[in-house]
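Structural characterization, general
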Amino acid sequence: MLSVENPTTYYTATRKYDLKFPDLEQDLEAEVLVIGGGFSGVNTALELAERGVTDIVLLEARYLGFGGSGRNGGHVMAGIGHDLEKIRKDVGESGLQAIFEISDLGATIIKSRIEKYAIDADFRHGYGYLGFNKRQGKLLRTWEKEFKQLSPNQDIEYLEGRAVRDIVGSDVYSCALKHMGNGHIHSLNMLLGSAKALVGLGGKIYENTPVLEVTYGDTITVRTAKGSVRARKILWSCGAFLDRLEPQLHKTMISTYAFQLVTEPLPTSVIEQISPIRGAFSDIRPVIEYYRVTNENRLLFGSATRVLEYIPNDLKAWNRGLMLKVFPYLEQVKIDLAWGGPMECTANLFPQIGTLAGRPNAYFVQGYSGFGVTPSHVVSQVVADGMTQGSRHWDVMSAIPRTRIVGKDNWRNLICTLGKVSHQLAGYTNGRR
C-alpha cells in the first residue's frame, strides 16, 4: 500500500523552486498571522501584501503544499462551489448573482499572477467538461450559455458525437463543453512561486512549525514548540489538516479521500491521441474522474471512490483500472507514481469563509470539497477583502450558514458513504447522472 500520509507525488518530484523556510525559533509580533501553507493561506497572504499589509507571518506544520495544494489534479476550471443552487436559499437571488459574477475569475487571476511574478507553473490553456448522455448534455448546454455570459471573448463551445474527439481521444463520452479559457497548471510550482512573491513583499514563512496553542483576544497569541507569534488578526487556512486545533472549524467539515496517478512519459503521438488540445478534463458526474496531460508528456489521472468510502490497498492498480476504461489503448503504459490524500468537504460542498463566533479578528477559509486549485485564488481575494476594507462578495459568502457534521469523529467512513449515496441520487435531478 502506498502511503497517503506523506506521499511522493508528481508535483514534489518535478518541483522547480528549491524553496526552504526555517522553523520558528523566536517570539514574533505581526499584523496578520496565517496558519496553513496551501493555496488559501499563501494566496490570501499575498493578496494582503499587495494591498500594503506586509507584516505577515505564515506558519506551516510540514512544508508548503503538503496538503491538497500539492496533491491535486492541477485543473484551472470555472466555478467556486460544486452547485450554486445549493446555497440559493441562504444568499437569495442577489447574493447568488454576486457569487456568479466572480465564479469564472480564477483562470484570469492565475494567469495575471504568473505574468506579474514570472512564476514557472507550466500553465496551458484547454479544458473539457465531459458528459455521457443526453441529460448531461442538456446541463452542459446550460453551462455553455453561462460561461459565455461570464467570458464572452473566450473560445467556449458545446460538442456532440464525433466532434468530442476533437478535444479528447476516448469513445466513452457523447458530449463535451470545450472551454479554452480554462486549462491546467503545475499546482505546487504555482504555490511556491506565489510564496516567493510573498517573501519578496516582506512576508515571513516558517515551515515545520505546527501550532500547539492559540489564545484569543484583542491580540492573538499562537504558541509553537520553539517560539510564538502575537498578531492583531489570524487566518485559519488548514484545510483537511486542521487536526482539531480549532473546534468551531473542525465540527463543520469532514475529510474524504481522492487518489491520483501519473504515467511514464509517453510519445507525443500518444499524448495528441489522448488530447489534441493537450488539455485537462473532468466528467460532470457527482464523483468525477479528472485528468490532464503534463508538460513532460505524462497523463495525470485521478478520482475518488464513488459510493463506499475507503482507501484502496493498491492505488496504482485501482486508478489504473479507471484510466483504462477511458483510454483502453494505454494498456501497456507503465504507472510511475500513485498517491492520494484527504480533502475537506462541507455539508453543502461550498467553501466556508468568515470569522469565528465571538472572535471578530479570527478569520477562516476551508471546505473546497475537492474543488480548490482555481477557486482558492478567487476566494483568497474575497477573504483579503474581509480582512481589510470588506466587500459585497465577503458579506454574501461569509453569511452562508455552516452546518455541523454530527458523528464525524467516530463514523467518518459511514457519513462519507451516505453523503456519496445522496450526492449520486441528486445527480439524477440536477443533470449530473
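Definitions and limits used
- Residues numbered from 1 in each chain as written.
- Predicted model: local features only at pLDDT ≥ 70, side-chain atom pairs only at ≥ 80, totals over all residues.
- Heavy atoms only, no water.
- 1 Å grid on protein atoms, 1.4 Å probe; cavity = no way out; pocket = protein on both sides within 12 Å on 5 of 7 lines; lining within 4 Å.
- Points joined across faces, edges and corners; volume = space filled by probe spheres on them.
- Nonpolar A, V, L, I, M, F, W, Y, C, P; charged D, E, K, R; others polar.
- Pairing = 2+ DSSP bridges.
- Helix = DSSP H or I, 4+ residues; strand = E, 2+ residues; numbered from the N terminus.
- Axes fitted to C-alpha atoms, helices over the stretch in contact; angles between N-to-C directions.
- Buried < 20%, exposed > 50% of the residue type's maximum accessible area, 1.4 Å probe, protein only.

Another point: empty space enclosed by the protein. Evaluated as defined, the whole model comprises one cavity of 30 Å³ or more. Volume-wise, the largest cavity comes out at about 80 Å³. Thr346, Ala347, Asn348, Phe350, Pro351, Gln352, Ile353, Met397, Ile400, Pro401, Arg402 and Thr403 are the residues that line the largest cavity. Of the residues in the lining of the largest cavity, the class split is seven nonpolar, four polar and one charged.

Before going further, it helps to spend a moment on the sheet that holds strand S7 (residues 175-179). Spatially, eight strands are ordered S6-S7-S5-S14-S15-S16-S13-S17 in an open sheet, and the strand pairing comes out mixed. Since the sheet does not close on itself, it has two edges, and those belong to strand S6 (156-160) and strand S17 (335-345), each with one partner. Each strand axis lies, on average, 20 degrees off the axis of its neighbour in the sheet, ignoring direction. Bridging between strand S13 (residues 254-263) and strand S16 (residues 299-303) involves four bridges; their strand directions are antiparallel. The residue of S16 that forms the bridge with Leu261 is Phe301.

To continue, consider the sheet that holds strand S4 (residues 124-125). Strand pairing in a sheet is mediated by backbone hydrogen bonds. Such pairs are either parallel or antiparallel. The three strands are arranged S3-S8-S4 in an open sheet whose pairing can be described as antiparallel. Bordering the open sheet on either side are strand S3 (75-76) and S4, each of which pairs with just one other strand. When S3 meets strand S8 (residues 183-184), the two strands line up antiparallel, connected through two bridges. For His75, the partnering residue across the bridge sits in S8 and is His184.

So, about the pairing of strand S18 (residues 352-356). Of all five residues in S18, four are buried; the element is thus mostly enclosed. Where S18 meets strand S19 (residues 359-366), five bridges bridge the pair, whose relative direction is antiparallel. Its bridge partner lying in S19, Gln352 is registered against Gln366. The antiparallel pairing of S18 with S19 creates a hairpin that spans two residues between the two strands, and Gly358 there sits at a positive phi of about 75 degrees.

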